[in-house]
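Below are the chains, spelled out letter by letter.
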Amino acid sequence: MPTLILVSAVYFGTVMNYPVLKALFGLSQNVQDSLFFYSAPLLLISAFLIIFSLFAWRYVFKPFMVFVLLTSAAALYAEVNFHTLFDMTMMESVFETNSSEISFYTNMTSTLYLLGFGLIPSLFLMMVKIKPQRSWRIALASRLCIVVIGACGVSAVAATQYKNYASVGRNNKYLNRMIIPGHIYSGVRYLNKLYFTTTLPYKSQGTDATLEATQNGKPTLMVIVLGETARAMNFIDNGYGRNTQPYTQSLGLISFEHVSSCGTYTALSVPCMFSNMNRTDYNKERAMTQDNVLNVMQHAGVKVLWIDNDGGSKGVANNLPNQSIDTSLKDQDCNGSTCFDEIMLKKAQTFIHQDKQNKVLVLHTIGSHGPTYFQRYPTAYAPFQPACNRSDIENCSDQEIKNVYDNTLVYTDFVLSQVIQELKGLSSQYNVMTTYISDHGESLGENGLYLHGMPYSIAPKEQTHVPWLLWMPKQYAEQKHLNIQCLQNVAKQASLSHDNLFHSLLGLYGISTQVDDTKLDITHGCKQAS
């Protein structure tokens, strides 16, 4: 057993934490002590000697290490290729990922990582025969010796390099999130918070909500298109150099140019943006146990439906009528694991036409969900070539990644144009409008980063700067007493965020309630006298 603990500690202290050692090597160039970098493997190995000793019991160690090896291999793949940091927020995203989304990451590279760094070492481990110690006293003594050796190693590094580690760690706080298998610790913390924390009592709010009547007597129909992984800087409406919006370019959309997201991954951003909490004081447990803006709209007598094509509402539609697209279908719109967003339009038409009353419809799109961007659009909507038609995007050129990502935005623009065309045809029956906003952005290789999910404090603007579009016909603006020119000015000048969404949806719809904060409403200051 002692030998097995030592080998495991060396393997994790060197091979599995190669990204950490590489990062420390780069940072060591700014440290005067040349021994700083060489102390890092010793520190990691010593720490793992102590940690693995705690689980080194005859019928526990092997199963435990197999689990650690396999999950660590997956974590290593994500860390090396996408620079993923596995803190508790990232583990929330991992646990919220469904089976079809997992398939997006399955490719030759990820398979080789699982085999080479996880499965093969696990097989070697399972073949090792652990001989029982002659007595429990000898077993305990040998285990204590290993712990003491590990403690001595940690102490030696601390005694000689503490000042350097404190300085480097203070200025590079992401380093501790890189250590593998830290994802297990973060996962346990997340599961403890999810399943073993007392649920807060449900809090109703906005029950006083009232809807202002329109002068023309028509009901209101608002469609909210919730984007996935769209970044604002790749929209031509925001100054991008390529036409990623060819289908809506002439439809008079208002683009709010300076909008930041609540988070960098769907499981956080979606419930946050529909809640009335700000990003800085957001509490998921509270958000899941209180009315969101769609519930408040219901209180005002508005009929609500959530249609999902992106793996679920993340709790937002738990207490609302909702429908999900069956992604297991195999036809012109679906491949058995994912479907094109256009498929939602048929369900949307059924909801819109079944009766004539005030309604709000949410279309949760899969949009630009990576890394299998090429699966997000039919080939007819792919003007930018050559495209990265593979899931291991790190093996594509920067231009190919840019092309395939921009193609997803072109198709999203087509879907949005179809929503608008449908609404135009209903203007004689409803006062119609639509808005599009994304949950978070995406890194496409800038500074070596891919995908999303970085801790917000260090996340690049590519992951936090999101598009927010508004299509509002003259009839709608008149009936809701809104000045379109004023909204256009707000769109150009104001610094906004997901914090504004809750209050702005109420303002756009014409709903009044005590929970509405007019200061966060984009229509505040753009209202005209009735």
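None of the values given here were measured: they were computed from a predicted structure.

Criteria and cut-off values
Residues numbered from 1 in each chain as written. Predicted model: local features only at pLDDT ≥ 70, side-chain atom pairs only at ≥ 80, totals over all residues. Heavy atoms only, no water. Salt bridge = Lys/Arg side-chain N within 4 Å of Asp/Glu carboxyl O. Helix = DSSP H or I, 4+ residues; strand = E, 2+ residues; numbered from the N terminus. Buried < 20%, exposed > 50% of the residue type's maximum accessible area, 1.4 Å probe, protein only. Phe/Tyr/Trp six-rings, centres within 6.5 Å; stacked < 30°, edge-to-face > 60°. UniProt positions renumbered as here; feature names shortened; annotations may be inferred. Contact = heavy atoms within 4.5 Å. Polar contact = N/O pair within 3.5 Å; in protein donor to acceptor, adjacent residues only side chain to side chain. Patch = residues over 30% accessible without salt bridge, like charges linked within 9 Å, V, L, I, M, F, W, Y side chains within 5 Å. Areas by Shrake-Rupley, 256 points an atom, 1.4 Å probe, with all protein chains shown as cover. Axes fitted to C-alpha atoms, helices over the stretch in contact; angles between N-to-C directions. Parallel < 35°, antiparallel > 145°, perpendicular 65-115°, else oblique. Left-handed = near helix turned anticlockwise from the far one by under 90°. Nonpolar A, V, L, I, M, F, W, Y, C, P; charged D, E, K, R; others polar. Lys, Arg positive; Asp, Glu negative; His and termini not counted. Pairing = 2+ DSSP bridges.

## Points about the pattern of salt bridges
Stage number 1. Under the criterion given, the structure shown has nine salt bridges.
Stage number 2. Here Lys-284 ties to Glu-92 by a salt bridge, and the two come within 2.5 Å at their closest N and O atoms. Of the two residues, Lys-284 is situated in helix 12 (residues 284-287) and Glu-92 in helix 5 (residues 88-96); the sequence distance between them amounts to 192 residues. Taken individually, Lys-284 and Glu-92 each receive the classification buried, so the pair is uniform in this respect.
Stage number 3. Between Glu-285 and Lys-193 there is a salt bridge; the shortest N-O distance is 3.8 Å. On the criterion of sequence distance, the pair formed by Glu-285 in helix 12 and Lys-193 in helix 10 (residues 182-195) is long-range, its members being 92 residues apart.

## Observations regarding the packing of aromatic side chains
Stage number 1. Counted under the stated rule, the structure contains 23 aromatic pairs.
Stage number 2. For the pair Phe-37 and Tyr-38, a centre-to-centre distance of 5.4 Å together with 70 degrees between the ring planes defines the contact as edge-to-face.
Stage number 3. Of the residues examined, Phe-37 reaches a relative accessible area of 18% and is grouped as buried.
Stage number 4. Arranged with centres 5.3 Å apart and planes meeting at 35 degrees, the rings of Tyr-113 and Phe-117 form a pair that is tilted.

## Here's the deal with the UniProt feature "transmembrane region" (unreviewed entry) in the chain
Stage number 1. When the UniProt feature table is mapped onto this chain numbering, "transmembrane region" (unreviewed entry) sits at residues 36-57, 64-82, 102-128 and 140-162.
Stage number 2. Helix makes up 82% of residues 36-57 and strand 0%. Its end C-alpha atoms lie 34 Å apart.
Stage number 3. Annotated as 100% helix and 0% strand, the span residues 140-162 places its first and last C-alpha atoms 31 Å apart.

## What to know about helix 5
Stage number 1. Of the positions making up helix 5, those classed as buried are Met-90, Met-91, Glu-92 and Ser-93.
Stage number 2. Buried residues belonging to helix 5 abut helix 10, helix 11 (266-274) and helix 12.
Stage number 3. Backbone nitrogen of Met-90 and a side-chain oxygen of the N-cap are separated by 3.0 Å at the start of helix 5; the cap is Asp-87.

## Quick notes on unusual backbone geometry
Stage number 1. That bond from Ile-180 to Pro-181 is cis: its omega, 15 degrees, falls within 30 degrees of zero.
Stage number 2. In this fold, Pro-181 is placed in the loop between helix 9 (175-178) and helix 10.
Stage number 3. Notably, His-83 is not glycine yet its phi reads approximately 60 degrees, a positive angle.
Stage number 4. Structurally, the position occupied by His-83 is in the loop between helix 4 (61-82) and helix 5.
Stage number 5. Under the relative-accessibility criterion, His-83 is labelled partly exposed at 36%.
Stage number 6. For Thr-229, which is not glycine, the phi dihedral falls at a positive 65 degrees.
Stage number 7. Tracing the chain through its elements places Thr-229 in the loop between strand 2 (220-227) and strand 3 (254-256).
Stage number 8. The class for Thr-229 is buried, based on a relative accessible area of 0%.

## Looking at a nonpolar patch on the surface
Stage number 1. Together, Leu-70, Met-108, Leu-112, Leu-115, Leu-119, Ile-120, Leu-123, Phe-124 and Met-127 make up a nonpolar patch on the protein surface, roughly 870 Å² of accessible area in all.
Stage number 2. With eight residues, the single largest contributor to the nonpolar patch is helix 7 (residues 108-127).
Stage number 3. One can find Leu-123 in helix 7.

## As for the environment of Pro-321
Stage number 1. Topologically, Pro-321 is positioned in the loop between strand 5 (303-308) and strand 6 (322-324).
Stage number 2. Pro-321 sits 15 residues away from Trp-306 along the chain, and the two C-alpha atoms are 6.4 Å apart.
Stage number 3. With residues near it in sequence (within four places) discarded, Pro-321 still touches Gln-298, Val-304, Leu-305 and Trp-306.

## Points about the packing of helix 2 (residues 18-27) against helix 3 (residues 35-53)
Stage number 1. Their axes nearest at 9 Å, the elements helix 2 and helix 3 cross at an angle of 155 degrees. With respect to helix 3, the axis of helix 2 lies roughly antiparallel. When the axes of helix 2 and helix 3 are compared, the crossing they make is right-handed. Packed against helix 2, whose contacting residues are Leu-21, Leu-24 and Phe-25, the element helix 3 presents Phe-36, Phe-37, Ala-40, Pro-41 and Leu-44 at the interface.
Stage number 2. A class-by-class count of the residues in the contact of helix 2 with helix 3 yields eight nonpolar, no polar and no charged.

## Considering the side chain of Lys-480
Stage number 1. Residue placement: Lys-480 occurs in the loop between helix 17 (474-479) and helix 18 (484-493).
Stage number 2. For the buried Lys-480, which has no salt bridge, the nearest side chain bearing the opposite charge is Glu-212, at an N-O separation of 7.2 Å.
Stage number 3. If near-sequence neighbours (up to four positions away) are discounted, Lys-480 is found in contact with Leu-211, Thr-214, Thr-220, Leu-508, Tyr-509 and Lys-527.

## What to know about the pairing of strand 8 (residues 431-438)
Stage number 1. When you tally the buried positions in strand 8, you get eight out of eight residues, the bulk of the element.
Stage number 2. Burial of the side chains of strand 8 extends over both faces: Asn-431, Met-433, Thr-435 and Ile-437 are buried on one face and Val-432, Thr-434, Tyr-436 and Ser-438 on the other.
Stage number 3. Note: strand 2 against strand 8, eight bridges, orientation parallel. Counted as the bridge partner of Met-222 is Met-433 from strand 8.

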